[in-house]
Amino acid sequence: MSVAAERAVTVVGAGLAGALLALLLARRGLSVVLSERRPDPRQAVPERGRSINLALAARGVRALEQAGVMDGVRPLLIPMRGRMVHERSGATALQPYGQREEEVIWSVGRAELNRVLIDAAARHGGVSVCFNQLCLGADLRLQQLQFQDLSDGHAYQLPLTPTIATDGAGSAVRASLAAAGAVSVREEWLDHDYKELTIAAAAAAGLERHALHIWPRGGFMLIALPNTDGSFTATLFLARQGPQSFAALDSAQAVTAFFRREFADVMPLLPDLPAQFAAHPQGQLGTVHAAPWHVAGEVLLLGDAAHAIVPFHGQGMNAAFEDCTVLDALVGRHPDWQTRFAEFERTRRPNAAAIAHMALENYIEMRDAVLDARFVRRKAIAMALERRFPDRFIPRYSMVMFHPEIPYAEALRRGVLQSQLLEELDTGADQSPDPALAEKLVMERLPRL
């Protein structure tokens, strides 16, 4: 194999992870072909049916900084300092995410961020970006990637090795590997779906811009994230079937009655609610489990193609970006793709499983627990323990969102220990925990981070 061929790699899918990965690999001196089925998003209307805005946290920021693109991303970001919880009564309360000035998460538009990343990749001499190229899958026997050029319909092939699939939760590459028996795939769909609605800037004047708004209602919830144009993107998460479900909202009257009953303070913000509800797509939510993620040194699944998760911890994009930095480091450390791909799966699989688990747990927290007095009380105790023992106790949410140096798997493991500790310290009353007992438990059970 020539030196040029050894330095060549194909990335399938120019979404957020694919564009970032292509840029990182090109900065290492590799020659990257980045293929994408959509038209160039810098010149086209964003694809319908995908989440409009996302939560960027410390893991994602670190990856973007490593790729040298944060200067272009910062103008797209809106800091969110906590959850603004809206009760049925109309009362609101801000629950801060952290207790330090820098402990915020950032609302960012998917389409705008993707444009910045694709533009940065396209401007790098080591990346060739090809749009309107539909990947039909990988043929392991023929060692080929199968494509169709959507601009004229003709089919063609590219050499398979090495290929990194970043083509999302519905990955065509993953499906072709599964069909060939090279990968097993299990998709766990929630029985809850989602629908996005837009709160116009003119109507959103009374909403706090630097918060993620939540209307928790036990079995379902509405959230809203701010956009740079002053609008908010609201998302309803609701059961697919049942008495209170999307299936029951089968008319404009049913939709209006449901929102008046459950989200009365939202009604003035959505004067065109029935029209939006009818026009906007209803999306599914699920977790993808695939094994293995790689075939020798030929193909690797990365990001959602390998381990798509539900959105309730705001970590899908951040986990995929962290995947990119891990693989980039392995490229610098190992000379061959088989070792790189194997080490990537070995190191990332436990962390992907951990964040998938925590994301599901966070749905229950967001839609229900945030209104529970015990939850609020224990969060206050956790914050106090972090102030007193900052090198031993960091709340699990903070470990995930603000501490990229702590792997997801370690955050999950320590979170279990800390939850048990909080249960012992919580007296169920308004009084503070016994300081001596708190110190004893923390020192005995939580080694220094």
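Remember, it's a predicted structure, so these values are computed and weren't measured experimentally. (Residues numbered from 1 in each chain as written. Predicted model: local features only at pLDDT ≥ 70, side-chain atom pairs only at ≥ 80, totals over all residues. Heavy atoms only, no water.)

### A closer look at the layout of surface pockets
The calculated volume of the second largest pocket comes to roughly 820 Å³. For the lining of the second largest pocket, the secondary-structure elements that each account for two or more residues are helix H11 (337-367), helix H12 (373-388), helix H13 (396-402) and helix H14 (408-425). Per-element tally for the lining of the second largest pocket: the top contributor is H12, with 6 residues. In the lining of the second largest pocket, the residues fall into 10 nonpolar, 6 polar and 8 charged. (1 Å grid on protein atoms, 1.4 Å probe; cavity = no way out; pocket = protein on both sides within 12 Å on 5 of 7 lines; lining within 4 Å. Points joined across faces, edges and corners; volume = space filled by probe spheres on them. Helix = DSSP H or I, 4+ residues; strand = E, 2+ residues; numbered from the N terminus. Nonpolar A, V, L, I, M, F, W, Y, C, P; charged D, E, K, R; others polar.)

### As for the side chain of Arg414
Note that Arg414 resides in helix H14. A distance of 2.6 Å separates the side chain of Arg414 from the backbone oxygen of Arg392, its partner in a polar contact. Filtering out sequence-adjacent residues up to four positions away, Arg414 remains in contact with Arg392, Met399, Leu446, Pro447, Arg448 and Leu449. (Polar contact = N/O pair within 3.5 Å; in protein donor to acceptor, adjacent residues only side chain to side chain. Contact = heavy atoms within 4.5 Å.)

### With respect to the sheet that holds strand S3 (residues 53-56)
Read from one edge to the other, the open sheet built from 3 strands follows the order S3-S7-S4, with strand pairing classed as antiparallel. Looking at the sheet topology across the chains shown, the edges are occupied by S3 and strand S4 (78-80). Direction aside, the axes of adjacent strands within the sheet are offset by 35° on average. Across 3 bridges, the pairing between S4 and strand S7 (residues 105-109) is antiparallel. Bridge pairing links Pro79 to Trp106 in S7. (Pairing = 2+ DSSP bridges. Axes fitted to C-alpha atoms, helices over the stretch in contact; angles between N-to-C directions.)

### Some words on the pattern of salt bridges
The full count for this structure, using the stated rule, is 31 salt bridges. Across the pair Arg88 and Glu262 runs a salt bridge, and its minimum N-O distance is 2.5 Å. Here Arg88 is found in the loop between strand S5 (82-86) and strand S6 (92-96), whereas its partner Glu262 is found in helix H7 (residues 252-262), with 174 residues between them in sequence. Owing to a relative accessible area of 5%, Glu262 belongs among the buried residues under this scheme. The partner of Arg186 in a salt bridge is Glu188, with the nearest N and O atoms 2.2 Å apart. (Salt bridge = Lys/Arg side-chain N within 4 Å of Asp/Glu carboxyl O. Buried < 20%, exposed > 50% of the residue type's maximum accessible area, 1.4 Å probe, protein only.)

### A look at the environment of Val61
Position of Val61 relative to the elements: it lies in helix H3 (residues 58-66). Assessed through its relative accessible area of 15%, Val61 is described here as buried. Sequence-wise, Val61 and Arg123 are 62 residues apart; in three dimensions their C-alpha atoms are separated by 21 Å. With near-sequence residues (within four places) excluded, Val61 lies in contact with Leu56, Met70 and Trp106.

By themselves, these figures tell us nothing about what the structure is for.
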